[in-house]
Amino acid sequence: MAFKVKITKDVFVENGTLHLGKQTVDRFVIRGILGKGANGVVFDAHHLVLNQPRAIKVWLKLGGTDTRDKVTQGIAEAQKLAASDPRHVVMIYDAETAGQYLYSSMEKITGRTLAETLKDSDDLHTRWMLARGYIHAIQSTTTSSLYHGDAHPGNVMVYDEDGDYGTMMRMKLLDFGTSLFSGKENSRARHWRIVYETFVRIIAPFNSKDWALEQSIPYEGREDALRCAYFDDVIDGLGMELGHLDGLVGFSLGAKLRGEP
Ligand SMILES: Nc1ncnc2c1ncn2[C@@H]1O[C@H](COP(=O)(O)OP(=O)(O)O)[C@@H](O)[C@H]1O
Ligand SMILES: [Mg+2]
């Protein structure tokens, strides 16, 4: 049955066709909704000419206290995505306006957000793969002029990719922040704070004294397991990534993760 949904009085899907104000978006048939956030809705779509899946994001104010113009914000977000390496962010194909709305077409990722993935990934190996993948994606997308700015677990997709050596877990960032957080914290500081908090969230089950003692890991009176010998090794395993981050941010994330001043 053709998909049908009403997002606002002006934005709705009827018979699989997306209506934005008085216009329709004709190249795509809409099959469902992939996700919704404060800034818009992302539809599960199919490109009728190219016969390929797509994700269509429409920028809309759906919640929060943000009063920014959604077209301006969407253009800034789409441009950041377009300027980034599509091996580490979702590939954006196009962005255009229809009536007073902006929409973009992107590759559709068949997977789950990092936030959802963390709910049922409790073992050390998986958590460590996720931590590595996340830091690698951040490293590969952060330059002196471009950075994600809002890379929390809800803005990271985790998916499987088939290869010669079996299935590999892969990760891509989406939903770039558009750095209009004036005031207390500058956007670059916010970027690194969110990266740090997300990393700590990924390794949380193993970032405790109890866990370290259970594993007979030398603890040396440090405050948490991150600072114990085991995680020193693990963090050293990330050497390149963390070293690169350190250089970029001008403070040592590696040292911060180890609890050094
Ligand atoms: N290209 C995509 N492929 C698959 N799912 C996506 C894609 N883009 C977004 N989503 C889903 O939609 C959700 C909301 O998208 P997002 O761009 O983060 O919107 P918002 O700016 O409102 O937070 C994401 O958390 C994710 O679950
Ligand atoms: Mg989001």
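Rules used throughout
- Residues numbered from 1 in each chain as written.
- Chains lettered and ligands numbered in written order.
- Predicted model: local features only at pLDDT ≥ 70, side-chain atom pairs only at ≥ 80, totals over all residues.
- Heavy atoms only, no water.
- Buried < 20%, exposed > 50% of the residue type's maximum accessible area, 1.4 Å probe, protein only.
- Helix = DSSP H or I, 4+ residues; strand = E, 2+ residues; numbered from the N terminus.
- Pairing = 2+ DSSP bridges.
- Near = heavy atom within 4 Å.
- Polar contact = N/O pair within 3.5 Å; in protein donor to acceptor, adjacent residues only side chain to side chain.
- Areas by Shrake-Rupley, 256 points an atom, 1.4 Å probe, with all protein chains shown as cover.
- Salt bridge = Lys/Arg side-chain N within 4 Å of Asp/Glu carboxyl O.

Colleague: Any chance you could explain the pairing of strand 7 (residues 52–59) here in plain terms?
Modeller: Most of strand 7 is tucked away: 6 of the 8 residues are buried. Judged from the 8 bridges that link them, strand 6 (residues 40–47) and strand 7 form a sheet pairing that is antiparallel. Along strand 7, the bridge assignment pairs Phe43 with Ile56. Counted between consecutive antiparallel strands, the loop separating strand 6 from strand 7 contains 4 residues, among which Asn51 sits at a positive phi close to 55°. Here strand 7 pairs with strand 9 (residues 101–106) via 4 bridges, running antiparallel. Along strand 9, the bridge assignment pairs Ile56 with Ser105.

Colleague: Is there a simple way to think about the sheet that holds strand 10 (residues 112–113) in this case?
Modeller: Within a sheet, neighbouring strands are paired by backbone hydrogen bonds and run either parallel or antiparallel to one another. A sheet is described by the order of its strands in space; here 3 strands give the open sequence 10-11-12, paired in antiparallel fashion. Taken across any chain shown, the strands that pair with only one partner, and hence form the sheet edges, are strand 10 and strand 12 (166–173). Of the pairings in the sheet, the one linking strand 11 (residues 156–163) to strand 12 comprises 8 bridges and is antiparallel in character. Along strand 12, the bridge assignment pairs Val158 with Met171.

Colleague: In this structure, what is going on with the site of ligand 1? I would like to understand it.
Modeller: Near ligand 1, the surroundings consist of 20 residues, among which Gly37, Lys57, Glu107, Ile109 and Asp175 are the closest. Here an oxygen atom of ligand 1 and a backbone polar atom of Gly37 are 3.3 Å apart. One of the backbone N or O atoms of Asn39 is found 3.1 Å from an oxygen atom in ligand 1. Surface burial for ligand 1 is 90%, taken as the share of its 550 Å² of free accessible area covered by protein chains.

Colleague: Looking at this structure, how should I read the pattern of salt bridges?
Modeller: Any two side chains of opposite charge can pair, so long as their charged atoms come close to each other. If you walk through the whole model with that rule in mind, you get 11 salt bridges. Salt-bridge contacts for Asp44 lead to Lys108; the nearest nitrogen and oxygen are separated by 3.2 Å. Note that Asp44 is positioned in strand 6 and Lys108 in the loop between strand 9 and strand 10, a separation of 64 residues in sequence. As a salt-bridge pair, Glu161 and Arg170 come within 3.3 Å of each other at their nearest N and O atoms. A residue is classified by how much of its surface remains accessible, and Arg170, at 23% relative accessible area, is partly exposed.

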